Amino acid sequence: MTAADVGHLIRRQRGLARRSQMDLAHEIGISPRHLSFVELGKSKPSVGLLMKIAEHLDLPLRERNDWMLAAGYAPRYPETPLTGPALSRIRASVQALLDTHDPFPGLAIDRQWNVQLSNRAARRLVAGIPEDVRGAPINIFRMALHPAGLAGRTRNFPQWSAYLLRRLDRAVVRTQDPRLAALADEIATWPAIPERHTWGRLSSDEADDPVLSWRLELGGEELSMFSLLSTFGTPMDVTLSDLSIELFFPADEQTETILRRHS
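Residues numbered from 1 in each chain as written. Predicted model: local features only at pLDDT ≥ 70, side-chain atom pairs only at ≥ 80, totals over all residues. Heavy atoms only, no water.

Comments concerning the overall build of the protein chain
Counting its secondary structure elements, the protein chain contains 13 helices and five strands. Viewed in the frame of its principal axes, the protein chain has a C-alpha envelope of about 65 × 45 × 35 Å. Evaluated residue by residue, the protein chain yields a buried proportion of 48% over its 263 residues. Carbon and sulfur atoms make up 52% of the accessible area of the protein chain, which amounts to about 13,300 Å² in all. Here the protein chain holds 32 positive side-chain charges and 32 negative ones, and the gap between their average locations is 6 Å. (Helix = DSSP H or I, 4+ residues; strand = E, 2+ residues; numbered from the N terminus. Buried < 20%, exposed > 50% of the residue type's maximum accessible area, 1.4 Å probe, protein only. Areas by Shrake-Rupley, 256 points an atom, 1.4 Å probe, with all protein chains shown as cover. Lys, Arg positive; Asp, Glu negative; His and termini not counted. Charge placed at Lys NZ, Arg CZ, Asp CG, Glu CD.)

Examining the packing of helix H4 (residues 47-56) against helix H5 (residues 61-70)
Two quantities define a packed helix pair, namely the angle between the helix axes and the distance between the axes. Running from N to C, H4 and H5 point in directions that differ by 150°, and their axes come no closer than 11 Å. Considering their axes alone, H4 and H5 lie roughly antiparallel with respect to each other. As H4 packs across H5, the resulting crossing turns out to be right-handed. On the side of H4, the interface is formed by Val47, Leu50, Met51, Ile53, Ala54 and Glu55, while H5 contributes Arg64, Trp67 and Met68. Of the residues contributing to the contact of H4 with H5, the split by class is seven nonpolar, no polar and two charged. (Axes fitted to C-alpha atoms, helices over the stretch in contact; angles between N-to-C directions. Parallel < 35°, antiparallel > 145°, perpendicular 65-115°, else oblique. Left-handed = near helix turned anticlockwise from the far one by under 90°. Contact = heavy atoms within 4.5 Å. Nonpolar A, V, L, I, M, F, W, Y, C, P; charged D, E, K, R; others polar.)

Section: the sheet that holds strand E3 (residues 214-218)
Strand order across the open sheet formed by five strands is E2-E1-E5-E4-E3, with antiparallel pairing between neighbours. One side of each edge strand has no neighbouring strand; the edge strands of this open sheet are strand E2 (115-118) and E3. Adjacent strand axes in the sheet meet at a mean angle of 35°, parallel and antiparallel pairs treated alike. Both strand E4 (residues 221-231) and strand E5 (residues 244-250) contribute to a ladder of seven bridges, which runs antiparallel. Within E5, the residue paired with Leu229 across the bridge is Glu246. (Pairing = 2+ DSSP bridges.)

Regarding unusual backbone geometry
Where the residue is not glycine, phi is negative for most of them; where a peptide bond is considered, it is trans in most cases. A cis amide bond, omega 20°, links Asp102 with the succeeding residue Pro103. Turning to its location among the elements, Pro103 is positioned in the loop between helix H6 (88-101) and strand E1 (106-109). Cis peptide bonds are those with omega within 30 degrees of zero, and the linkage from Ala136 to Pro137 qualifies with 5°. Residue position: Pro137 is located in the loop between helix H8 (131-134) and helix H9 (140-145). Look at Arg18: it is not a glycine, yet its phi comes out positive at around 55°. Looking at the element boundaries, Arg18 is found in the loop between helix H1 (3-16) and helix H2 (21-28). On the basis of relative accessible area, Arg18 is assigned to the exposed category, the value being 79%. Notably, Gln176 is not glycine yet its phi reads approximately 55°, a positive angle.

As for the pattern of salt bridges
Counting across every chain of the model gives 14 salt bridges. Glu256 is the salt-bridge partner of Arg260, the closest N and O atoms lying 3.1 Å from each other. With Arg260 and Glu256 both in helix H13 (residues 253-262) and four residues apart, the pair spans about one turn of that helix. Judged by its relative accessible area of 44%, Arg260 is partly exposed. Overall, Glu256 belongs to the partly exposed group, its relative accessible area being 30%. Beyond isolated ion pairs, a larger network of salt bridges with shared partners links Glu63, Arg111, Asp177 and Arg179. (Salt bridge = Lys/Arg side-chain N within 4 Å of Asp/Glu carboxyl O.)

A look at the packing of aromatic side chains
Following the criterion strictly, the structure yields five aromatic pairs and no others. Ring centres 5.5 Å apart and planes at 5° place the aromatic pair Trp160 and Trp214 in the stacked group. Separated by 54 residues along the polypeptide, Trp160 in helix H10 (residues 157-175) and Trp214 in strand E3 bring together distant segments of the chain. Note on accessibility: Trp160 and Trp214 belong to one class, buried. One aromatic cluster in this structure is built from Trp160, Tyr163, Trp214 and Phe248. The side chain of Lys42 reaches across the aromatic face of Phe37, ending 5.5 Å from its centre. The residue whose ring lies beneath Lys44 is Tyr73, and the NZ or CZ to ring-centre distance is 4.7 Å. (Phe/Tyr/Trp six-rings, centres within 6.5 Å; stacked < 30°, edge-to-face > 60°. Lys NZ or Arg CZ within 6 Å of the ring centre and 35° of its normal.)

Structure follows, in structure tokens:
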């Protein structure tokens, strides 16, 4: 790895964040000339400078480790398996949160939107869907957009799929993850999915609604739910930095009644 490698990564991330070289340089306390030299590979940044730039660009921990490696330094943040003993207390706390949220669906997903933890209500929604459709582990994009998955049961599929496709498009751009990119390419071939290059511009507006709801059939009845995504506030481990918790709530009294009856 060379200074040019990390310089390219910095320049790319600054572009994604739509930050000017001058503004970023002033924020982190260096001259625009110095930052320019770093981005061009003419100057190797110190560990401290790399971390400052990463923090001001709100870079995830995984990508911060990538920057460190590209600059010739050791990774700064550990990546501990969620199933390992070191994270057992945190895993148990997240699972307890999801279980408390039952009878409403709740799950914890990684940066590829693979399900790492879930509650009973969430598992009921996907019961009967073939494993090759859901993925192993279950992938939210695959399960929700596949014609043999939840797509056929989603009553507002054009709006809900637009939301998911925008998220997938942003994730592919931000992470440059080849597995996510391959999944996006596969999804683009499925029925009722718009052309790949349009995903970032898709709209899921629904008139008069304060929040987009997911309208899903369950046992011949229609559910209407909205979701809340949350993340760890102070993660110091890559695994936790990548983890998001999604909780679904009933958008009307009928949905709440149905979900409580099925619990």
